[in-house]
Amino acid sequence: MMKKRSISASKASLVLFLCQMISALDVPLDSKLLEELSQPPTITQQSPKDYIVDPRENIVIQCEAKGKPPPSFSWTRNGTHFDIDKDAQVTMKPNSGTLVINIMNGGKAEAYEGVYQCTARNERGAAISNNIVIRPSRSPLWTKEKLEPNQVREGDSLVLHCRPPVGLPPPIIFWMDNAFQRLPQSERVSQGLNGDLYFSNVQPEDTREDYICYARFNHTQTIQQKQPISVKVFSMDSLNDTIAANLSDTDIYGAKPVTERQPILLTPTGSTSTKVELRGNVLLLECIAAGLPTPVIRWIKEGGELPVNRTFFENFKKTLKIIDVSEADSGNYKCIARNMLGSVHHVISVTVKAAPYWITAPRNLVLSPGEDGTLICRANGNPKPNISWFANGVPIAIAPEDPSRKVDGDTIIFSHVQERSSAVYQCNASNEYGYLLANAFVNVLAEPPRVLTPANKLYQVIADSPALLDCAYFGSPKPEIEWFKGVKGSILRGNEYVFHDNGTLEIPVAQKDSTGTYTCVARNELGKVQNEVRLEVKDPTMIIKQPEYKVIQRYGQVSFECIIKHDSTLLPTVIWLKDNDELPDDERFLVGKDNLTIVNVTDKDDGTYTCIVNTTLDSVSASAVLTVVAAPPTPAIIYARPNPPFDLELTGQLERSVELSWIPGDENNSPIKNFVIEYEDGLHEPGVWHYQTEVPGTQTTVQLKLSPYVNYSFRVIAVNEIGRSQPSEPSEQYLTKSANPDENPSNVQGIGSEPDNLVITWESLKGFQSNGPGLQYKVSWRQKDVDDEWTSVIVANVSKYIVSGTPTFVPYEIKVQALNDLGYAPEPSEVIGHSGEDLPMVAPGNVQVHVINSTLAKVHWDPVPLKTVRGHLQGYKVYYWKVQSLSRRSRRHVEKKILTFRGNKTFGMLPGLEPYSSYKLNVRVVNGKGEGPASPDKVFKTPEGVPSSPSFLKITNPTLDSLTLEWGSPTHPNGVLTSYILKFQPINNTHELGPLVEIRIPANESSLILKNLNYSTRYKFYFNAQTSVGSGSQITEEAVTIMDEAGILRPAVGAGKGYSEILFATSPVMHTVRPTFYKVQPLYPRIRNVTTAAAETYANISWEYEGPDHANFYVEYGVAGSKEDWKKEIVNGSRSFFVLKGLTPGTAYKVRVGAEGLSGFRSSEDVFETGPAMASRQIDIATQGWFIGLMCAVALLILILLIVCFIRRNKGGKYPVKEKEDAHADPEIQPMKEDDGTFGEYRLFSFVSSAPF
């Protein structure tokens, strides 16, 4: 299939050119011509009619005009001449009528308000500008007003008035809050066109104190803010609660619940209203309704449809917007507000008026003397505008007489004009909504003919197509045009030519014999002029061999032909398209000179292919369809690894390169992707094949780089998708010539193994790196920074050399150079090594210890001189150990601890110390060889700390009202014990904790008897020891008094219902030596000893009260550190404990207790923190005898294992003391990595000491 097309823009060019030439006769557009012709003024640029200026900036009133000669400018202000020379603040731009009023240097914009008009005048007339009204913009401040808070019932409607100040131009209104965030708007809450904020119904969430109306004056870039408006919405629930709190039980009145209401209109009011809008403006109609549920707004036009594509709904359909309105948009528009309870509507009668608009604006006239012409000024509007004429800015009625001029309403008729008739006429069309002013000149010229088309212009066309030869001209009177072919040919006439009014000659069907020179002659009564142009007619471009329809099997190859014939003087370009788009970017598409070839065709290649041939004058195309079909079934293809290459050949043998070629084996249905080349060194490593390089599968030769003194053989391996072939047979051998070594040994080092030697090591060269026979190494060294000569030795078959008799730890310069029988390798680079290290000679001095606390100390020392280190300084080691405990004396194992600090550090932290103990330490410097001598032992002591928990707490001999407590002293007293603290409290049937009782016991006691306890009651005990530093960790235990089986004692008040209201008596208290009695003494009224026992979400508060009976207590509490008010809880009855519930876990609280009726009678504050401290809901397993026995057995077994470990480690073992490190982490002794040059290791030594503890 085939399609031809021929593209020619001749017709379009003709229409465009004729339009331009017609306008050129009226107003010549040729720039050179315009410079030569006289022309009345024309206003080209002016300021807008209503010109609002910024009062802070200079006022620029534009007036630009053109004319020949250039016009002069003058201004009127408010109808009278404005003498700018008398006002120093006003200047006129050079060669322009634009005024600049200097406001920034003292002028006031208000003084220049008024109506300005510009006149541009030359000898041929005067043009005037519009009346330009200058007004400074204004952004007045908001008037101060007292705004009362708006208190609204939930569901009612509300309007917040903005009432912005009157500005020029009017401001843009928006509502925001104190945080400058726009208030959210919705169908329920929205802003009206007047700026007010409307609530269809208020909700509790509308309560806020920062409804702020903002007015933005864009012209002055200022924003004014109204005072914040407060809105408080009373919900029915809260209102009923308030009413109920103020009415007696007999009152039955209350606020009605929120009732749903049918819609009412908030704006506009009433049932009808009117609206007048001007033609071309935007019509905005608004309806906002109140109601509950929120009403939905709908708009209709009575007796018609809303205009399509010009109607928009805004503000949640509350605003109807129609753009570019016309008289046809007049009519009645109805808005309907509806909810489920009913509807309400409002009709807005819209009338569209119109400021004057042009039907036919007057156009400039260019006439020759004696000609006739007309100026037409037709405008429309509503109401119909009045038409008035002016001549050179003067009303035509009082303008100078012109006998050639006659005014007939909206038309001026000119007859037999003369040059003196040239003038500028103004047409003014006005009604009550505005005016239009247009300038149009009448320019009477007497000009000889001129041809504007360039001489000898060349036109080229295709045979059998139209040819258009231009002859653009100008003259006054209008010249007559004639065409001739050739210089002396006859005038052209006949049907084969078309003569256009603008001078263009058209040859509708140009033939080859139309080629030649054509002459255009323009003449009028003032003269004659001619111009020559040339026409060339070309042979058309043709496709003589077109692409043809093709059917091709998948994966096949197809070709489309496109053979062309064209004019020899034209250069064609050929483009191929697929489905009218560019060809795919695919290497399978091959574009040739006369064809398109597609290889390995796939289904997606199906489609229409088009060949397009373009020249500068024409274009032809032809298309053909390609259909891709499935290939017929074929036998299954067997894929396999390729066969090995063969016929390897070496050519072009050079000292350092050779060319290898081969013939590929069968690829076995899988294309070869690449070839791998391997080599064998038969001289140094016979039988070992090494990788050399690889090349793509399309390449069968490769240039190989070679090394000297290698006996090469090569083989090739083919690789496809299936795998690698077997290697080919080896090529012939090729022995390269010997040469000096190209490189030296790598990784040269110098490290001493003894204090008086230097061990130089390196990595030997491989066999093929030797480049020749007799490989040896020249080892050279000399002491650094000493003016010594190099000492050298030549060795073979080794990679190490030991230099003896060196000084201890001094730097050496070292180099190792390779050589063979042909010579040396290039000069090697030098490395720095050191002779062997020896143990450091001196110990660190001035060792000082600063005890920071009972478990941490800081040790300082002076660094040793570097010369005495005799090696690489690796750091310092601090040995420290406990000598004795100051609180008791005993024999024990001594754990000697070691801390290592890398580098030249002179201080360190000693963690994990035991309080109230005596310690010793010493410091040693460390190098690569080992440790130096120790510094003298330094003794220091740690201060007291808090003790550990008592070693045990046993509760025995339970009776109806007593329990016996026995305990053991702390395993680690960490100081001198001053007392024991015992706290206990009952646990009721609901597992809640009762009042807490505290007893202080002398340090020399080990048991006591508690009496006057409740029978059959569980008690929880907290027991801890104290030193002068503070209390240690506590041990807890629980026990139960015996049940009164005989029923002799009555249960306590409130038993089984909560806490007992009777305080736990602590008298008498008995211990094993002799009874000691503690009695509570009556004091003045007070609340003291407020104690807390906190659990995860509640806390038990107990206190002691001394004073009159029947006091009513309350508990106040709050989050510690918070400024919130105290929360208050009333305590029922006169009990002296209370449970605070609903607390937040892991939070610190403050608490205090007070009594009602006693002003200022409160306890001091106490602080507690919630946590997982809840009493067990079942008998604690830790109090069961079988469990205690099992734990003792396990502890004994662990102790035996520890003794065995200590004995084994005493023979020289070491292990990290991880527990000490974790318990006393300190940034000074954190483990350090090897790569930052620091240490991070503990070492612990055990030995038996006879020193007392």
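Residues numbered from 1 in each chain as written. Predicted model: local features only at pLDDT ≥ 70, side-chain atom pairs only at ≥ 80, totals over all residues. Heavy atoms only, no water.

1. Describing the overall build of the protein
What counts, and what does not: Secondary structure elements are defined from DSSP: runs of H or I of at least 4 residues count as helices, runs of E of at least 2 residues count as strands, and each element is numbered from the N terminus. Burial status follows relative accessibility: with a 1.4 Å probe on protein chains alone, a residue under 20% of its type maximum counts as buried, one over 50% as exposed, and anything between as partly exposed. Contacts are assigned to residue pairs that have any heavy atoms within 4.5 Å of one another. Surface accessibility in these figures is a Shrake-Rupley result with a 1.4 Å probe; residues are shielded only by whichever protein chains are displayed.
On a plain count of helices and strands, the protein comes out with six helices and 94 strands. Residue burial in the protein is summarised as follows: out of 1253 residues, 42% are buried. For the protein, restricting intrachain contacts to residue pairs at least 6 apart in sequence, the fraction spanning at least 24 positions comes to 66%. For the protein, the exposed surface amounts to about 66,700 Å²; the carbon and sulfur share of it is 51%.

2. As for the confidence of the model for the protein
The cut-off we apply is this: Think of pLDDT as the predictor's per-residue confidence, scored from 0 to 100.
The predicted model of the protein averages 84 in pLDDT, with 86% of residues at 70 or higher. Here residues 1212–1253 is modelled with pLDDT under 50, and outside its nearest four sequence neighbours on either side it reaches 98 contacts, counting other chains as well.

3. Overview of the sheet that holds strand E46 (residues 527–538)
To keep things clear, this is the line we draw: Criterion used throughout: strands pair if DSSP finds at least two bridges between them. Fitted lines through C-alpha atoms serve as axes, helices being fitted only where they are in contact, and the angles separating the N-to-C directions of these axes extend from 0 to 180 degrees.
Read across the open sheet, the four strands follow the order E39-E46-E45-E42; overall the sheet is mixed. Taken across any chain shown, the strands that pair with only one partner, and hence form the sheet edges, are strand E39 (457–462) and strand E42 (480–485). On average, each strand axis in the sheet is inclined to that of its neighbour by 25°, with strand direction left out of account.

4. Remarks on the environment of Ser738
Along the chain, Ser738 falls in the loop between strand E63 (734–735) and strand E64 (746–751). The partly exposed category is assigned to Ser738, whose relative accessible area is 28%. Taking C-alpha positions, Ser738 is 8.9 Å from Ser770, a pair spaced 32 residues apart along the chain. Ignoring any residue separated from it by four or fewer positions in sequence, one finds Ser738 in contact with Pro708, Tyr709, Asn771, Gly772, Pro773 and Leu822.

5. Structural notes on the state of the cysteines
Our working rule: Note on terminology: pairs of cysteine sulfur atoms within 2.5 Å are recorded as disulfides.
Taken as a whole and judged by the stated rule, the model has six disulfides. Here Cys162 pairs with Cys213 through a disulfide, and the sulfurs are 1.9 Å apart. Linking Cys162 and Cys213, the disulfide has an S-S dihedral of approximately -65° and is accordingly described as left-handed. With Cys162 in the loop between strand E13 (158–160) and strand E14 (172–176) and Cys213 in strand E17 (residues 208–217), the pair connects residues that are 51 residues apart, well separated along the chain. Look at Cys213 and you get buried, because its relative accessible area is 0%. Here Cys471 is linked by a disulfide to Cys520, with a sulfur-sulfur distance of 1.7 Å. Since a negative S-S torsion denotes a left-handed disulfide, the Cys471-Cys520 link at about -55° is left-handed.

6. Re a nonpolar patch on the surface
Applied cut-off: Here the term patch refers to residues with relative accessible area over 30% and no salt bridge, with like charges joined within 9 Å and nonpolar side chains (Val, Leu, Ile, Met, Phe, Trp, Tyr) within 5 Å. For this analysis, a salt bridge means a side-chain nitrogen from Lys or Arg found within 4 Å of a carboxyl oxygen belonging to Asp or Glu.
A surface patch of nonpolar side chains, amounting to about 570 Å² of accessible area, comprises Trp1186, Leu1190, Met1191, Val1194, Ile1198 and Leu1202. Residue position: Trp1186 is located in helix H5 (residues 1185–1209).

7. Points about the packing of aromatic side chains
Two descriptors summarise a pair of aromatic rings, namely the distance from one centre to the other and the angle between the planes of the rings. The condition that has to hold: Here a Phe, Tyr or Trp ring, Trp counted by its six-membered ring, pairs with any other such ring whose centre lies within 6.5 Å, and the pair is stacked when the planes are under 30 degrees apart, edge-to-face when over 60, and tilted otherwise. Each ring is checked for a lysine NZ or an arginine CZ that lies within 6 Å of its centre and within 35 degrees of its normal; such an atom marks a charge sitting over the ring.
Evaluation of the coordinates by the stated rule reveals 21 aromatic pairs. Ring geometry for Trp662 versus Phe675: centroids 5.3 Å apart, planes at 65°, classification edge-to-face. With Trp662 in strand E58 (residues 657–663) and Phe675 in strand E59 (residues 674–681), the pair connects residues that are 13 residues apart, well separated along the chain. The two residues Trp662 and Phe675 agree in class, both being buried. Measuring from centroid to centroid gives 6.2 Å for Trp861 and Phe901, while their planes differ by 45°, and the two rings are tilted. You can see Trp861 sitting in strand E73 (residues 856–862) and its partner Phe901 sitting in strand E75 (residues 893–902), a full 40 residues away along the chain. For Trp861, a relative accessible area of 2% puts it in the buried group. Among the residues examined, Phe901 registers a relative accessible area of 1% and is labelled buried. Taken together, the ring pairs connect Phe174, Phe180 and Tyr214 into an aromatic cluster. Sitting above the plane of the Phe82 ring, Arg77 keeps its charged end 6.0 Å from the centroid.

8. Quick word on the environment of Arg902
Along the chain, Arg902 turns up in strand E75. Sequence spacing of Arg902 and Leu873 is 29 residues, and the spatial spacing of their C-alpha atoms is 8.4 Å.

9. What about the nonpolar core?
Stated formally: Residues belong to one nonpolar core when they are buried, are Ala, Val, Leu, Ile, Met, Phe, Trp, Tyr or Cys, and are joined through side-chain atoms within 4.5 Å.
Among the nonpolar cores identified, the biggest contains 30 residues, and Ile59, Ile61, Trp75, Ile101, Tyr116 and Ile134 are the most heavily contacted of them. Ranked by residue count, the leading element in this core is strand E9 (residues 114–122), at three residues. Beyond its immediate sequence surroundings of up to four residues, Ile59 is in contact with Val53, Leu99, Val100, Ile101, Ile103, Ala109, Tyr112 and Ile134.

10. Structural notes on the side chain of Thr319
Position of Thr319 among the secondary structure elements: in strand E26 (residues 319–322). Beyond its immediate sequence surroundings of up to four residues, Thr319 is in contact with Leu193, Leu284, Leu285, Glu286, Trp299, Phe312, Phe313 and Glu314.

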